[in-house]
2 protein chains.
Amino acid sequence: MTTIHYLTHIEFEAGAVALLPGTLAALGIHRPLLVTDAGIVHAGILARIRALLPSPDGVAVFAETPPNPTEEAVEAATACYRAHCCDGLVAIGGGSPIDLAKGVALMATHEGPLAHYAGMAAMPLIGAHAAPIVAVPTTAGTGSEVGRGALIRLRDGRKLVFVSPHLLPRRALCDPDLTLGMPAALTAGTGMDALTHCIETFLSPRINPPAEAIALDGAARAWRWIARAVAHPDDRQARWEMMMAGIQGGLAFQKGLGAVHALAHPLGALTAPSLHHGTVNAVLLPAVLRFNAAHVGDKYVRLRAAFGLGVDADLAEAVRALNQRLGLPASLRAMGVPADALEQVVGGALADHSTPTNPRPLTREDLAALFMEAFNEPYRS
Amino acid sequence: MTTIHYLTHIEFEAGAVALLPGTLAALGIHRPLLVTDAGIVHAGILARIRALLPSPDGVAVFAETPPNPTEEAVEAATACYRAHCCDGLVAIGGGSPIDLAKGVALMATHEGPLAHYAGMAAMPLIGAHAAPIVAVPTTAGTGSEVGRGALIRLRDGRKLVFVSPHLLPRRALCDPDLTLGMPAALTAGTGMDALTHCIETFLSPRINPPAEAIALDGAARAWRWIARAVAHPDDRQARWEMMMAGIQGGLAFQKGLGAVHALAHPLGALTAPSLHHGTVNAVLLPAVLRFNAAHVGDKYVRLRAAFGLGVDADLAEAVRALNQRLGLPASLRAMGVPADALEQVVGGALADHSTPTNPRPLTREDLAALFMEAFNEPYRS
C-alpha cells in the first residue's frame with residue numbers, strides 16, 4: 001500500500017521570519033520556548049528574532065543544543081520548558097535545534113522515557129497533544145522544518161528516529177535571508193544534505209510519484225546552485241534556491257532514504273569525532289551511487305539530464321568532483337573517523353530505518369564495503 | 001508571500017477501497033452518510049462499497065447528486081445527514097459527489113446560508129468542526145479527493161468556490177480498479193481535467209516549486225496514458241497512471257489555475273446545457289494555450305519535452321489533435337453552448353478565483369475572445 005501524506009504549512013520568502021509574532025498568535029502560543037544553539041546566538045540571529053516578539057526580555061530560551069541532539073539535552077530543555085510554563089516551541093537553527101525541539105514537544109507532554117517512543121513502530125504512541133512547534137531554519141539542507149521525524153542520540157549511544165505527524169512543526173517560516181553569510185563549510189555540508197535527501201528519495205523503490213517529482217526538481221536545483229552559494233555567501237538567489245532545495249528534500253523523504261543515511265545515522269552517533277551530518281552524507285554519496293548503479297532503472301539517466309551532465313557521465317565521479325570543488329573532505333578517514341568504528345556503524349546501519357528503502361538490498365558485507373570505500377575513497381583523482 | 005501547504009492522507013493502490021471500514025473506525029465515524037450519484041449506483045459500485053461496511057442495510061445513502069452540485073442538493077443531503085444522526089461522510093464518485101459532500105460537511109455543522117461561506121475570503125469562517133469526509137474517487141481527474149475546495153452552484157445561478165483546509169477529506173482511498181470499464185467519453189473528459197489541472201498549475205505565475213514539479217510530472221503522465229485508458233477501458237496500468245495524474249493535479253492546484261478554469265466555472269453554472277467540467281476544459285485548453293504562449297518563459301519548452309513532442313511543435317494544436325483522437329467535442333458550439341451565453345460566462349470568469357493566476361493578465365475583451373475562439377474553434381484542421 002502506498003501511503004502519500006503531505007505535510008505542513010510553509011511560508012517561504014525573504015523576510016518570512018517577520019511573520020513569527022502573528023504565527024504564534026494564530027497558533028495560540030503565548031509562552032514559547034526558543035530552542036537554538038551557540039552558533040545562532042553568536043551570529044546574532046537569536047537576538048534579531050527575539051526582538052520581533054512582544055516582550056523580548058521575558059522570553060524563555062534554551063541555547064545549549066549540541067551539534068547532534070542528545071537525550072540529556074532534550075531533558076535539560078524540557079526542564080526549562082516546564083520551569084517557564086511554556087505552551088509551545090520556536091526552533092531556530094539547523095537540523096539539531098529543530099530535532100531537539102521535537103524531542104521537547106514529545107517529552108513535555110508524554111510520560112518518559114524517551115526510548116519508549118523511538119522507531120517507526122512507536123509512532124502510534126505519540127499523540128496530538130504534543131507541544132506545537134514553529135520552525136525557523138537558518139541553514140538550507142536538513143528538511144527537519146517540514147519533516148515528521150527527529151534523530152536523537154540516546155544515553156545508551158544509539159542514534160534513533162522519533163516519528164509522528166504530531167511532531168511536524170505546525171508552521172515552517174523559511175527565510176533564505178537568514179542563511180546569508182553562512183560559512184562556506186556549513187553551506188557546503190548542509191547543501192549536500194539537501195542534495196542527498198533528494199537523490200536518495202528519488203532512487204527509493206517505494207511508489208510515491210509526487211515525492212519523486214519534488215525530489216528530482218530539488219536535486220536539479222541543489223546541483224545548479226550549491227557551488228554559487230558556497231562561493232558567494234551573500235548571493236540572495238543562491239540562498240533562496242538552496243533553502244528551497246532543502247525543503248523539497250524534506251517534503252520528499254517520506255518516500256524513504258537509502259544507504260547514505262543508513263550509514264550516516266550511526267556515524268552521527270559517534271561521540272568522537274562529532275560529525276556534521278550533511279558532510280558525512282556528501283562523503284558517503286559517491287560510493288553508494290556506484291553500489292546502486294545497476295538497480296535504479298533509468299533513474300541515473302534522468303539525474304544526469306537534470307544535472308546537465310553528459311549521457312555517459314559517471315554520476316558518482318561527478319559527485320566526488322563536486323565535493324572536491326566545494327572544499328569538502330575526501331573520505332571518512334579525512335574527517336577523523338577511526339577505522340575501528342566499522343563494526344558499530346555497520347551494526348547501526350543494518351538496523352536503520354533507511355536501509356529497507358535503498359534501491360539495492362543491503363547486507364552486512366555490503367555496508368562494510370561501503371564504509372571502507374568511503375573511509376579510503378580510492379577513486380579520488 | 002508564497003504559501004505552500006500540503007494536503008491529506010492518501011492511500012493509493014488497486015484494492016484500496018477495502019480499507020474503508022478500518023479508515024472509518026480510525027476516524028471515529030460510526031454513522032457515515034454515503035454521498036454518491038445515479039451513475040455510481042447504476043454501475044454497481046455503491047453496492048460493492050456498501051457491502052464492505054459492518055451493517056450494509058443500515059447505512060444512510062444520498063444518491064441524488066446532480067451532474068454539477070447545487071445548493072438545493074446540498075440542503076437535501078444535509079437533511080438526510082441530520083435525519084440519520086450521521087457523524088461523517090463517505091463521498092463516492094467523481095468531483096460532483098465529493099464536492100457535494102464538502103457542502104454537507106459545512107452545512108451540517110455551520111449556521112447557514114451557504115453563500116455566507118463562498119469565496120477565498122470566507123475561508124476563516126469555516127471551522128475545524130466541519131464533518132469529516134472520506135473520499136473514494138471513481139473517476140480519474142477531478143482531484144477533489146485531495147483538494148480543499150468545492151464548486152457549488154447557488155440558487156442565484158452563481159457557481160462559487162468553498163475553500164477550507166477543514167473541507168479537505170481526512171482520507172482519500174484511491175483505488176484505480178474502481179475506474180476499470182469507465183466509458184470512453186467520461187474517461188476522456190475526466191482525464192483531460194487532470195491534464196488541464198497539471199498544465200494550468202504548471203503555468204501559474206505563483207511561486208511553489210514542489211507543486212510545479214508535481215504538476216509537470218502529472219501532465220507528462222496524463223499525456224502518455226490518456227489515449228490508452230480511453231481505448232482500453234480495462235487496462236489496469238493505464239487506469240493506475242490516470243488516477244495518479246488526477247491526484248497529482250489535485251495536489252498541485254493550490255498553486256492556482258488559469259483562464260481555462262476561469263471560463264469553465266461559469267460554463268458549468270449554465271443550467272442548459274449541463275456541461276461536463278473536464279470536457280469543457282479540454283475544449284477551452286487549445287485557445288488558452290495560444291493566448292498564453294508569449295507569457296510563460298521556457299515552460300512550453302519543458303512541456304513539449306515532457307510530452308515527447310518536437311522542439312518546434314505547436315502545443316495548442318497538439319492538444320486539439322489529442323482531443324480529436326479521444327473523441328471529444330471540437331468546440332463549445334458542438335457541446336450545445338448558446339452563443340448568447342458569452343456575457344454571463346465572461347462576467348463570471350472575470351470574477352473567478354482562477355483569473356488572477358493565469359500567466360497572462362485577462363481583460364473582459366481577452367475572455368470574450370477566448371470564449372469565441374473555443375466556441376468556433378477555427379483552427380480545427
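Residues numbered from 1 in each chain as written. Chains lettered and ligands numbered in written order. Predicted model: local features only at pLDDT ≥ 70, side-chain atom pairs only at ≥ 80, totals over all residues. Heavy atoms only, no water.

- An unreviewed UniProt entry annotates chain A as Alcohol dehydrogenase class IV originating from Pseudorhodoferax soli.
- According to the UniProt record, the Cofactor (unreviewed entry) comment for chain A reads "Fe cation". (UniProt positions renumbered as here; feature names shortened; annotations may be inferred.)

1. A closer look at the overall build of chain A
Part 1 of the argument: In terms of regular secondary structure, chain A is built from 14 helices and nine strands.
Part 2 of the argument: For a compact globule of 381 residues, the expected C-alpha radius of gyration is about 21 Å, and chain A comes in at 19 Å, within 12% of that figure.
Part 3 of the argument: Looking at the 381 residues of chain A, the share that counts as buried comes to 61%.
Part 4 of the argument: Across chain A, contacts joining residues at least 24 apart in sequence account for 81% of those joining residues at least 6 apart. (Helix = DSSP H or I, 4+ residues; strand = E, 2+ residues; numbered from the N terminus. Rg over C-alpha atoms; globule rule 2.2 N^0.38 Å. Buried < 20%, exposed > 50% of the residue type's maximum accessible area, 1.4 Å probe, protein only. Contact = heavy atoms within 4.5 Å.)

2. Comments concerning the nonpolar core
Soluble globular proteins tend to bury their nonpolar side chains together.
Part 1 of the argument: One finds Leu332 of chain A together with Leu332 of chain B to be the most contacted residues of the largest nonpolar core, which totals 154 residues.
Part 2 of the argument: Other than its neighbours up to four places away in sequence, Leu332 of chain A contacts Leu267, Val280, Val283, Leu284, Val337, Phe371, Ala374 and Phe375 of chain A. (Core = buried A, V, L, I, M, F, W, Y, C linked by side-chain atoms within 4.5 Å.)

3. Things to note about the pairing of strand S6 (residues 133-137) of chain B
Residue and element names in this part refer to chain B.
Part 1 of the argument: Within S6, five of the five residues are buried, which leaves it mostly tucked inside the rest of the structure.
Part 2 of the argument: One ladder, built from five bridges, connects strand S5 (residues 88-93) with S6; its direction is parallel. Pairing of Ile92 across the sheet is with Val136, part of S6.
Part 3 of the argument: As a crossover connection, the stretch from S5 through helix H5 (residues 95-107) into S6 is right-handed. (Pairing = 2+ DSSP bridges. Right-handed = clockwise from strand over helix to strand, strands pointing away.)

4. Re the state of the cysteines
Part 1 of the argument: One pass over the full model with this rule turns up zero disulfides over all chains.
Part 2 of the argument: In this model Cys174 of chain A remains outside any disulfide bridge; the closest cysteine sulfur is found in Cys198 of chain A, 14 Å from its own. (Disulfide = S-S within 2.5 Å.)

5. Comments concerning unusual backbone geometry
Part 1 of the argument: At the junction of Gly112 of chain B and Pro113 of chain B, the peptide bond is cis and its omega measures out at 0° in the coordinates.
Part 2 of the argument: With respect to the helices and strands, Pro113 of chain B occurs in the loop between H5 and S6.
Part 3 of the argument: In this chain, Ala272 of chain B is followed by Pro273 of chain B through a cis amide linkage whose omega measures -5°.
Part 4 of the argument: In this structure, Pro273 of chain B sits in the loop between helix H9 (259-269) and helix H10 (277-292).
Part 5 of the argument: The backbone of Cys85 of chain A shows a phi angle near 50°, a positive value even though the residue is not glycine.
Part 6 of the argument: Considering the arrangement of structural elements, one finds Cys85 of chain A in the loop between helix H4 (71-83) and strand S5 (88-93).
Part 7 of the argument: Under the relative-accessibility criterion, Cys85 of chain A is labelled exposed at 51%.

6. Considerations on the domain arrangement of chain A
All names here are of chain A.
Part 1 of the argument: Taken domain by domain, chain A comprises domain 1 (2-178) and domain 2 (183-375).
Part 2 of the argument: The distance between the C-alpha centroids of domain 1 and domain 2 comes to 24 Å.
Part 3 of the argument: Each side of the interface is counted separately: domain 1 has 30 residues, and domain 2 has 30 residues.
Part 4 of the argument: Roughly 2500 Å² is buried in total at the junction of domain 1 and domain 2, and carbon and sulfur atoms are behind 64% of that figure. (Domains from an automatic or database assignment. Buried area = accessible area lost by both parts, 1.4 Å probe.)

7. What to know about the pattern of salt bridges
Part 1 of the argument: If you walk through the whole model with that rule in mind, you get 25 salt bridges over all chains.
Part 2 of the argument: A salt bridge links Glu212 of chain B to Lys299 of chain B, with the nearest nitrogen and oxygen atoms 3.7 Å apart. With Glu212 of chain B in helix H7 (residues 209-231) and Lys299 of chain B in helix H11 (residues 299-307), the pair connects residues that are 87 residues apart, well separated along the chain.
Part 3 of the argument: Look at Lys299 of chain B and you get buried, because its relative accessible area is 13%.
Part 4 of the argument: In this structure, Arg302 of chain B and Glu212 of chain B form a salt bridge, with 4.0 Å as the shortest nitrogen-oxygen distance. Pair noted here: Arg302 of chain B is in helix H11 and Glu212 of chain B is in helix H7, with a separation of 90 residues, a long-range link.
Part 5 of the argument: A network of salt bridges, in which partner residues are shared, links Glu71, Glu72, Glu75 and Arg155 of chain A. (Salt bridge = Lys/Arg side-chain N within 4 Å of Asp/Glu carboxyl O.)

8. Here we look at H4 of chain A
Residues and elements named next belong to chain A.
Part 1 of the argument: Over its 13 residues, H4 extends 18 Å from the first C-alpha to the last, a length consistent with the 18 Å expected when each residue adds 1.5 Å.
Part 2 of the argument: Within H4, burial applies to Glu71, Ala73, Val74, Ala77, Thr78, Cys80 and Tyr81.
Part 3 of the argument: Next to the buried residues of H4 lie strand S3 (32-35), strand S4 (60-62), S5, helix H5 (95-107) and strand S7 (149-153).
Part 4 of the argument: Backbone geometry just downstream of H4 places Cys85 in the positive-phi region, at approximately 50°. (Expected span 1.5 Å × (residues − 1).)

9. Thoughts on the packing of aromatic side chains
Residue and element names in this part refer to chain A.
Part 1 of the argument: Considering all chains together, one arrives at six aromatic pairs over all chains under this definition.
Part 2 of the argument: Ring geometry for Trp223 and Phe307: centres 4.2 Å apart, planes at 5°, overall stacked. Linking Trp223 in helix H7 (residues 209-231) with Phe307 in helix H11 (residues 299-307), this pair joins segments that are 84 residues apart in sequence.
Part 3 of the argument: When the centroid spacing of 5.9 Å and the interplanar angle of 15° are considered together, the rings of Phe371 and Phe375 count as stacked. With a gap of four residues between them, Phe371 and Phe375 both fall in helix H14 (residues 364-376), about one helical turn apart. Like Phe375, Phe371 is buried.
Part 4 of the argument: Its end group placed over the ring of Phe202, Lys299 keeps NZ or CZ at 5.6 Å from the ring centre. (Phe/Tyr/Trp six-rings, centres within 6.5 Å; stacked < 30°, edge-to-face > 60°. Lys NZ or Arg CZ within 6 Å of the ring centre and 35° of its normal.)

10. Comments concerning the environment of Pro124 of chain A
Residue and element names in this part refer to chain A.
Part 1 of the argument: Here Pro124 lies in the loop between H5 and strand S6 (133-137).
Part 2 of the argument: Note on Pro124: relative accessible area 70%, which makes it exposed.
Part 3 of the argument: For Pro124 and Ser164, which are 40 residues apart along the polypeptide, the C-alpha to C-alpha distance reads 7.7 Å.

11. What about the pairing of strand S9 (residues 171-174) of chain B?
One face of the sheet, then the other: side chains in a regular strand alternate in exactly this way.
Residues and elements named next belong to chain B.
Part 1 of the argument: Pairing of strand S2 (residues 9-12) with S9, which is carried by four bridges, proceeds in the parallel orientation. Across the sheet, the residue bridging to Glu11 is Leu173, located in S9.
Part 2 of the argument: Here two bridges tie S6 to S9, and the two strands are oriented parallel to one another. Paired with Ala135 across the two strands is Ala172, which belongs to S9.

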